There are 2 protein chains.
Amino acid sequence: VTALRAISVAEFFSKNRHLLGFDAPQRALVTAVKEAVDNALDACEDAGILPEIAVEVRETGDDVFRVAVEDNGPGIVVDEVARIFAKLLYGSKFHQLRQSRGQQGIGISAAGLYAQLTTGKPMRIVTRTGRESDAWELLVSIDTSHDRPDVHEKKKRDWDVEHGTRVELELEGRWNEGPGSVLRYLQLTALTNPHASLRLTAPDGTSHVFERTTSVLPLSPVAIRPHPRGVELGRLIAMLKDTEQKHLAGFLHAEFSRIGRITALRVIDRAGRGLTARSYPRRVAKRQAAALHRALGHVRVQAPRSDCIAPLGEKSILASLREHVAAQHYFATCRPPAVYRGNPFAVEVGVAYGPSRDASRDLTLPDREDPVLVLRFANRVPLVFQSGACAITRAIVHTNWRGYGLAQAKGALPAGPAVILVHIASVWVPYTSESKQAIAHYPELAHEIELALRDIGRQLRARVLRDDRVLLERKRRAHIQTYLPHVSAAIGSILHQSPKEEAETLRLLRSALERPSA
Amino acid sequence: VTALRAISVAEFFSKNRHLLGFDAPQRALVTAVKEAVDNALDACEDAGILPEIAVEVRETGDDVFRVAVEDNGPGIVVDEVARIFAKLLYGSKFHQLRQSRGQQGIGISAAGLYAQLTTGKPMRIVTRTGRESDAWELLVSIDTSHDRPDVHEKKKRDWDVEHGTRVELELEGRWNEGPGSVLRYLQLTALTNPHASLRLTAPDGTSHVFERTTSVLPLSPVAIRPHPRGVELGRLIAMLKDTEQKHLAGFLHAEFSRIGRITALRVIDRAGRGLTARSYPRRVAKRQAAALHRALGHVRVQAPRSDCIAPLGEKSILASLREHVAAQHYFATCRPPAVYRGNPFAVEVGVAYGPSRDASRDLTLPDREDPVLVLRFANRVPLVFQSGACAITRAIVHTNWRGYGLAQAKGALPAGPAVILVHIASVWVPYTSESKQAIAHYPELAHEIELALRDIGRQLRARVLRDDRVLLERKRRAHIQTYLPHVSAAIGSILHQSPKEEAETLRLLRSALERPSA
């Protein structure tokens, strides 16, 4: 019998690396780039810097690649480097309610863990926090049995970058350029991050550059306290235990969003069970907490503040779709913020529709018989794998697109020359796994996605129906063009008309028939 | 700016409880039962005890249920109770290569975490290790910020059970009896665990009993060392560092399966780079380790031992399908053990086919036009959720069932009156998330599943074709029965036959036409 013992987080994820997005080599390469770029974008935006990010991928052996991601962000204080890059479950974003790309404190360390698992090599970090500071270079890996960073080397160095961070790792991977590729990930990142400049140097030496199309940074989201709607009893109990407030009324007011002093009193009143405004939060018994929890669920509170999230907005979605997708028509719709389990979120949808011959864009529309192209995003990050497991895909499949003029088989995506973009902005995105590629099926989320899809569906229907009428009309006219001469010739021959009379008949027929249909 | 800090495992999973299978209330209830029953079965089998497990579910409030699972297992040493039930990532199964239901050290503590999150109540454990020992009762919960158990109460008590464990938790849930229900989970558990007696007391007081159909315990799997095929470089480096062996040859022989002394020398020879049989493992440089890793991938080694896994076997699959599924025909096939990433596994498939009117079984076949019923199992545990994300479902969809006589739309499950059971037995099952409901897409696994499906497909085809011929023949005869009298009457009337002559014609025609078709 093997002894019972604790399992380190790093050991757990080494054995379960597919949970982190590192199963197939192609996906591993994309995931590593994604984790580094997501961090770089977060860091730049938090510091109010327009992001400039360079990604280089080089093949250094059979199925082995060296990935380097360099940003112009604020740099990292040298003492934090090892833990940020070589400790799982470490970060600043987990404990705050505020939209950001990273949220788990796992991503970049997971990439490093996979690199060391497949090539045995540590990660190299170069970082500098400003002109007056030194640039540092560190080689770090994870000590998996003890869940802590191993620093192999740490030295000052010259670096001709004023501030920023460069991450390098060497890992097993596979390079391709299809839908689940590094290039596609960057194309889609450019689509929802028009304020970022991205450059990719591919293994064959070619460069792909996505220049920023706006110099306006997205509004920086504000950290909020939990919204009372949907907060769980267990969380409420933990909050009661952890608070520094001395009175229950003050606790409710201070620790939750949207609870003013009057609402706080109303909640306490409704809860009953001997609770008063001056009850000491830490002494609230479980039974009382349960009553408080029920009262929180019943008292009317305002919808959450919307400045904790930074949706793209209709204008930006339309501009980005026009920039990156060749189509005839563009639509966008944004839902107002909603809440699931106390977490505010907002859903936005964009659609590009109608085939276009313009080949200068990154993305082209599918053919009329093929499934529409679905682009999924969460907090501006494209989700490029596990589409089938995602609440977004499911909501699209569950929407009746035949009602909106698109063909759709039962239980399938609609078909047609269209791109459907769905973006979820939230202070906490519930991913189906640590690899953050698909969104879990929370009913509140699914409902909002469906409402947004229906709204865009109605916009689309008007256009599809008009296009269908135009198309029918064109077909009718083409038929007339083809057959009219034969008809007039036949009439001419029956009536023994002269060629001149025949031409006149043809003209008359044409003008009669080519009037637009009613 | 929020400070950087470590995130506790319990905090991470509290926020991400959907990763553990605790998202929707219905699923949460099933998952809680499943984690407790899986543990109970593992404990009984490891101790060589025929399992007797009682599950009680009682509704104690609006959408609140008390779940109790009691087993006749060996009981738990009282000092380990708190950590086993109230610490995530703690257990005996993670660090050994041996088939078991649990493998992560997460499951039952996750159920407790969800219970305390939704009802604020701790878990109650009663356990006794034998007639001479005291029975203990403990109330435990998880201190989420510190990742450690909180023991609220610990006392000796009377318990009229000789040895065993009883777990009780109270959680938010929803009761139903459809496909994703506690009852269905237990029905399917009975199917692959014919040596276990299971009893469910439902919230309405009704009992469902699944008596064991065999008193033979499955062979107890043996823990093995990793198989050299597919071991990753990172793991090899870690093994070199951790070994107590003083020589490289001894290391290879002692730490891996299927490497004898001669194979060890061959691997070292092939690796080159100055490595010898007497090289000191801890001093092997990364470059040398990489060469060793390549050599391990090239040298011929035997397939893994098969006693580290305990597949069901064809006989048991056929017996279980006959016991639980009403059908006309039953098939089974078992693949020999294969390896992915050094982990041995085996795939088994069973099929029940052909509608039956017998309504006494747990499971009935779908109609001819409906998708077949897929039953997925890993290490004898039924997987009841997330079918769409599972490598088993994908392999079934990717198999061309039209070639085997079943209807199948493109990209869909085949249709017809059939149940397809797939069981994967492995020393380590790569689940797509901590909730262990779907199997990740490792190519080696997918390939073996597909081979097994093709084998069963060929068995099925012979039967379906024969059935189709029989069906056609029956139709032909029915037609003859219907039309022959009219034909003979017409002949009679044309030839002016007497009624007697007409009857004779009919008899002759019938005997000529009713001979079976060639």
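Here is what the cut-offs are and how they apply
Residues numbered from 1 in each chain as written. Chains lettered and ligands numbered in written order. Predicted model: local features only at pLDDT ≥ 70, side-chain atom pairs only at ≥ 80, totals over all residues. Heavy atoms only, no water. Contact = heavy atoms within 4.5 Å. Buried area = accessible area lost by both parts, 1.4 Å probe. Salt bridge = Lys/Arg side-chain N within 4 Å of Asp/Glu carboxyl O. Polar contact = N/O pair within 3.5 Å; in protein donor to acceptor, adjacent residues only side chain to side chain. Helix = DSSP H or I, 4+ residues; strand = E, 2+ residues; numbered from the N terminus. Nonpolar A, V, L, I, M, F, W, Y, C, P; charged D, E, K, R; others polar. Pairing = 2+ DSSP bridges. Phe/Tyr/Trp six-rings, centres within 6.5 Å; stacked < 30°, edge-to-face > 60°. Buried < 20%, exposed > 50% of the residue type's maximum accessible area, 1.4 Å probe, protein only. Lys NZ or Arg CZ within 6 Å of the ring centre and 35° of its normal.

A.B. asks: Just to check I follow, could you spell out the interface of chain B and chain A for this structure?
C.D. replies: Put simply, an interface is often sized by how much accessible area is lost when its parts join up. At the interface, 52 residues of chain B touch 52 residues of chain A. Between chain B and chain A, a total of about 4,800 Å² is buried, with carbon and sulfur atoms accounting for 58% of that surface. Here chain B is connected to chain A by 2 salt bridges. Salt-bridge contacts for Arg17 of chain B lead to Glu232 of chain A; the nearest nitrogen and oxygen are separated by 2.2 Å. On inspection of chain B and its partner chain A, the count reaches 21 residue pairs in polar contact (both at pLDDT 80 or more). Elements with a contribution of two residues or more to the side of chain B that touches chain A: strand E1 (5-6), helix H1 (9-15), helix H3 (78-86), strand E4 (90-91), helix H4 (107-119) and helix H6 (233-242) of chain B. Class assignment of the residues belonging to the side of chain B that touches chain A gives a composition of 23 nonpolar, 17 polar and 12 charged. Pairing of strand E4 (residues 90-91) of chain A with E1 of chain B involves 2 bridges; the strand directions are antiparallel. Note that in E1 of chain B the partner of Gly91 of chain A across the bridge is Arg5 of chain B.

A.B. asks: How should I be thinking about the packing of aromatic side chains in this particular structure?
C.D. replies: Scanning the entire structure with this criterion turns up 16 aromatic pairs over all chains. Judged by centre distance (5.9 Å) and plane angle (65°), the ring pair of Tyr340 of chain A and Phe345 of chain A falls under edge-to-face. With a relative accessible area of 0%, Phe345 of chain A lands in the buried category. In textbook terms, an aromatic cluster arises when at least three aromatic residues are bridged by ring pairs, as seen for Phe12 and Phe13 of chain A together with Phe94 and Trp428 of chain B. It is Lys15 of chain A that lies over the ring of Phe94 of chain B; its NZ or CZ is 4.9 Å from the centre.

A.B. asks: Looking at this structure, how should I read the pairing of strand E8 (residues 164-172) of chain B?
C.D. replies: All names here are of chain B. Burial of E8 is extensive: 8 of the 9 residues sit out of reach of the surface. Bridge count between strand E3 (residues 64-71) and E8: 8 bridges; the pairing is antiparallel. From the neighbouring strand, Ala68 faces E8, where its bridge partner is Glu168. Here 5 bridges tie strand E5 (residues 123-128) to E8, and the two strands are oriented antiparallel to one another. Of the residues in E8, the one forming a bridge with Val126 is Arg166.

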